[in-house]
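Results of the structural survey
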Amino acid sequence: MLDVRRAAPADYAEIAELLNEVIAAGGTTAFTAPVSRDGIADWVAEGGPRAAWFVARDDAFALMGFQWIEPHHSLADVAEIATFARRGKTGLGIGSALFEATAKAGRDLGYAWINANIRADNEGGLIYYQSRGFRAYDRIEGYELGDGTRVDKILKRYDLD
């Protein structure tokens with residue numbers, strides 16, 4: 001059983017730890033540098049009142065994943081989304097449970113749709129977003145990551161209406 005709720009400051013260190021595990025493994029995220037608890041706190045604050053961060057915890061209160069939406073950098077009625085599950089724990093309903101809460105929050109916050117930027121080589125991420133009802137609408141070729149690596153990105157959208 002998973003407990004999904006809004007992220008709180010007490011979650012930030014574990015969010016950073018989980019994200020750092022994903023970053024260190026490579027190949028699925030555009031993030032290339034480790035993050036800290038304070039960095040997560042700043043990120044949450046920067047999103048302002050139109051951001052929503054959620055965590056999923058198991059019965060033992062272990063952090064299994066997290067997801068957030070925040071305002072798109074240039075489209076007023078669009079949210080950006082990111083999703084992370086603990087390595088080796090995908091396929092257990094973590095992303096589904098998180099997205100149920102996130103989609104509701106997106107509607108409540110007045111977004112028309114949610115945008116996902118997914119590395120083209122992130123097969124799990126592409127499958128996840130497709131399974132939630134996201135559809136591809138564009139592609140970015142040769143996107144440069146923070147470490148100089150170039151990857152293609154698939155842009156997918158989920159309409160909230």
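Each remark here, short or long, concerns the structure printed above.
Since the model is a prediction, treat every value here as computed from it, not as a measurement. Sequence order sets the numbering: in each chain, residues are counted from 1 along the sequence as written. In view of the model being predicted, local features appear only for residues whose pLDDT reaches at least 70, and side-chain atom pairs are presented and counted only at 80 or more, with totals across whole chains, interfaces and linings using the full set of residues. Values shown for side chains rest on all heavy atoms present in the structure; no hydrogens or waters enter the calculation.

Description of the overall build of the protein chain
Operational definition: Elements are defined by DSSP. Helices are runs of H or I of four residues or more, strands are runs of E of two residues or more, and each kind is numbered from the N terminus. Should any heavy atoms of two residues lie within 4.5 Å, those residues are considered in contact. Only the protein chains shown count as covering a residue, and every accessible area follows the Shrake-Rupley method with a 1.4 Å probe. When charges are counted, Lys and Arg are positive and Asp and Glu negative, with His and the chain ends excluded. Charged groups are reduced to one reference atom each: NZ for lysine, CZ for arginine, CG for aspartic acid, CD for glutamic acid.
Scanning the protein chain for helices and strands turns up four helices and seven strands. When the helices and strands of the protein chain are read in sequence order from the N terminus, they spell out β-α-α-β-β-β-α-β-α-β-β. Counting only C-alpha atoms and orienting by the principal axes, one finds that the protein chain spans roughly 40 × 35 × 30 Å. In the protein chain, of all internal contacts separated by at least 6 residues, the share reaching a separation of at least 24 is 62%. Accessible area of the protein chain: about 8200 Å², with a carbon and sulfur share of 51%. Taken as two groups, the 18 positive and 24 negative side-chain charges of the protein chain have centres that lie 3 Å from each other.

Observations regarding the sheet that holds strand β2 (residues 52–57)
Note the following rule: Pairing between strands requires that DSSP locate at least two bridges from one strand to the other. Interaxial angle, 0 to 180 degrees, is taken between N-to-C directions of lines fitted to C-alpha atoms, where a helix line uses only the stretch in contact.
Pairing is mixed across the open sheet formed by seven strands, whose spatial order is β1-β2-β3-β4-β5-β7-β6. In this open sheet, the two edge strands, each paired with only one partner strand, are β1 (3–6) and β6 (135–144). Strand-to-strand twist of the sheet, defined as the mean angle between neighbouring strand axes without regard to direction, takes the value 25 degrees. On the sheet, helix α1 (residues 12–25) packs against β2, β3 (63–71) and β4 (78–85) and is oriented at approximately 95 degrees with respect to β3. Against the sheet, helix α4 (residues 123–131) touches β3, β4, β5 (113–119) and β7 (150–159), its axis set at about 160 degrees to β5.

Some points on the side chain of Asn122
Short version of the rule: Relative accessibility thresholds used throughout: buried, under 20% of the residue-type maximum; exposed, over 50%; partly exposed, between the two (1.4 Å probe, protein chains only). Here a polar contact is recorded for every N or O atom pair within 3.5 Å, except that within protein the pair must consist of a potential hydrogen donor and a potential acceptor, and residues adjacent in sequence are included only if both atoms are side-chain atoms.
Note that Asn122 resides in the loop between β5 and α4. The class for Asn122 is buried, based on a relative accessible area of 12%. A polar atom in the side chain of Asn122 sits 2.8 Å from the backbone nitrogen of Gly125.

What about the packing of aromatic side chains?
Describing an aromatic ring pair means giving the distance of the ring centres and the angle of the ring planes. What counts is decided by this rule: Pairing of aromatic side chains here covers Phe, Tyr and the six-membered ring of Trp, requires ring centres within 6.5 Å, and sorts the geometry by plane angle: under 30 degrees stacked, over 60 edge-to-face, intermediate tilted.
For the structure shown, the criterion picks out 13 aromatic pairs. When the centroid spacing of 4.8 Å and the interplanar angle of 65 degrees are considered together, the rings of Trp43 and Trp68 count as edge-to-face. Here the residue Trp43 occupies a position in helix α2 (residues 37–47), and Trp68 occupies one in strand β3, the gap between them amounting to 25 residues. The same class applies to Trp43 and to Trp68, which are both buried. The interplanar angle of 5 degrees and the centroid separation of 6.3 Å between the aromatic rings of Trp53 and Phe66 together place this pair among those described as stacked.

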